[in-house]
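# Architecture and fold: a report
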Amino acid sequence: VQLQASGGGVVQAGDSLRLSCAASGRTFSSYAMTWFRQAPGKERELVASISWGGGSTYYADSVKGRFTISRDNAKNTVYLQMNSLKPEDTAVYYCAGPRPTTHWTRPDGYDYWGQGTLVTVSS
């Protein structure tokens, strides 16, 4: 499986962006997927995660109510809609999968990673 993240950019506080993670490989639709982010000088942290069918989602408290994770298995793509962006959302955003059954909030259990897409939010 190869993951390709895109959609990052430079925006102002309060703006919106939608990130995409396109996957190759026919098993994508059976994977739960997760978005992580890493700000300069900080550890990689979980942002949001979605079940294989899209019916179950999880969000970090810091983005709850502002970000929405979704997926389109027909297009082998996972999305992260980011609204009301804040300067503290500035980071490189990574998609990863498949979500492991344990310790899935930690990045070390994921086998596949996208290359990352940079989101910069100015105040």
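The following paragraphs examine the structure supplied in this document. Remember, it's a predicted structure, so these values are computed and weren't measured experimentally. (Residues numbered from 1 in each chain as written. Predicted model: local features only at pLDDT ≥ 70, side-chain atom pairs only at ≥ 80, totals over all residues. Heavy atoms only, no water.)

Turning next to the environment of Arg-44. Examined against the element boundaries, Arg-44 turns out to sit in the loop between β4 (33–38) and β5 (45–50). A relative accessible area of 26% means that Arg-44 is categorised as partly exposed. Sequence-wise, Arg-44 and Ala-22 are 22 residues apart; in three dimensions their C-alpha atoms are separated by 21 Å. The contacts of Arg-44, once residues within four sequence positions are left out, are Phe-36, Arg-37, Gln-38, Tyr-94, Pro-107 and Trp-113. In this structure the side chain of Arg-44 is engaged in a polar contact, spanning 3.2 Å, whose partner is the side chain of Gln-38. (Helix = DSSP H or I, 4+ residues; strand = E, 2+ residues; numbered from the N terminus. Buried < 20%, exposed > 50% of the residue type's maximum accessible area, 1.4 Å probe, protein only. Contact = heavy atoms within 4.5 Å. Polar contact = N/O pair within 3.5 Å; in protein donor to acceptor, adjacent residues only side chain to side chain.)

Examined against the element boundaries, Thr-117 turns out to sit in strand β11 (residues 117–122). Looking at Thr-117, the relative accessible area reads 9%, which means it is buried. A distance of 2.9 Å separates the side chain of Thr-117 from the backbone nitrogen of Gly-8, its partner in a polar contact. Once you skip the residues sitting within four places of it in the chain, Thr-117 turns out to touch Ala-5, Ser-6, Gly-7, Gly-8, Leu-19, Ala-91, Val-92 and Tyr-93.

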